[in-house]
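What the coordinates show
What follows is each chain in one-letter form.
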Amino acid sequence: MGKVLVLSKMEWRFRMKVIVDRFEGSYAVCEDEEQKMINIEIDKLPQGVKEGDVLIIEGDNIKVDKEETEIRRERIRRLMEDLWED
């Protein structure tokens, strides 16, 4: 696995999408679109964020992309269904 980045407030000037991979201590470990791992402080996230959620980071704002999260979860569900089909 590559280098893990910790986003500071100054680096949040651009728009990016990340997927919450897991939670470790006070951080959400997220994967960006280039498959780099990024740590984001949990207290910077919207309330109720879960593993697998797609987040949009824009400036100082972080929000859950509910539509993209649902599309991704459905795609994974179908893949798993196909994998276990007889």
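In this report, we go over the structure that sits alongside the text. (Residues numbered from 1 in each chain as written. Predicted model: local features only at pLDDT ≥ 70, side-chain atom pairs only at ≥ 80, totals over all residues. Heavy atoms only, no water.)

For the rest of this paragraph, the subject is the overall build of the protein. A count of helices and strands for the protein gives one helix and six strands. In sequence order, the secondary structure elements of the protein are arranged as β-β-β-β-β-β-α. Scored against the burial criterion, the 86 residues of the protein give a buried share of 28%. Residue pairs in contact within the protein that sit at least 24 positions apart in sequence constitute 41% of those at least 6 positions apart. Working note: accessible area of the protein is about 6400 Å², and carbon and sulfur atoms make up 50% of it. (Helix = DSSP H or I, 4+ residues; strand = E, 2+ residues; numbered from the N terminus. Buried < 20%, exposed > 50% of the residue type's maximum accessible area, 1.4 Å probe, protein only. Contact = heavy atoms within 4.5 Å. Areas by Shrake-Rupley, 256 points an atom, 1.4 Å probe, with all protein chains shown as cover.)

What follows is about the nonpolar core. Grouped burial of nonpolar side chains is what soluble globular proteins tend to show. Among the nonpolar cores identified, the biggest contains 12 residues, and these are Met16, Val18, Val20, Ala28, Cys30, Ile38, Ile40, Leu45, Val49, Leu55, Ile57 and Ile62. Secondary-structure elements contributing two or more residues to this core are strand S2 (15-24), strand S3 (27-32), strand S4 (37-41) and strand S5 (54-58). Residue contributions to this core peak at three residues, all from S2. Apart from the residues within four sequence positions on either side, Val20 is in contact with Ala28, Val29, Cys30, Val49, Lys50, Glu51, Gly52, Asp53 and Leu55. (Core = buried A, V, L, I, M, F, W, Y, C linked by side-chain atoms within 4.5 Å.)

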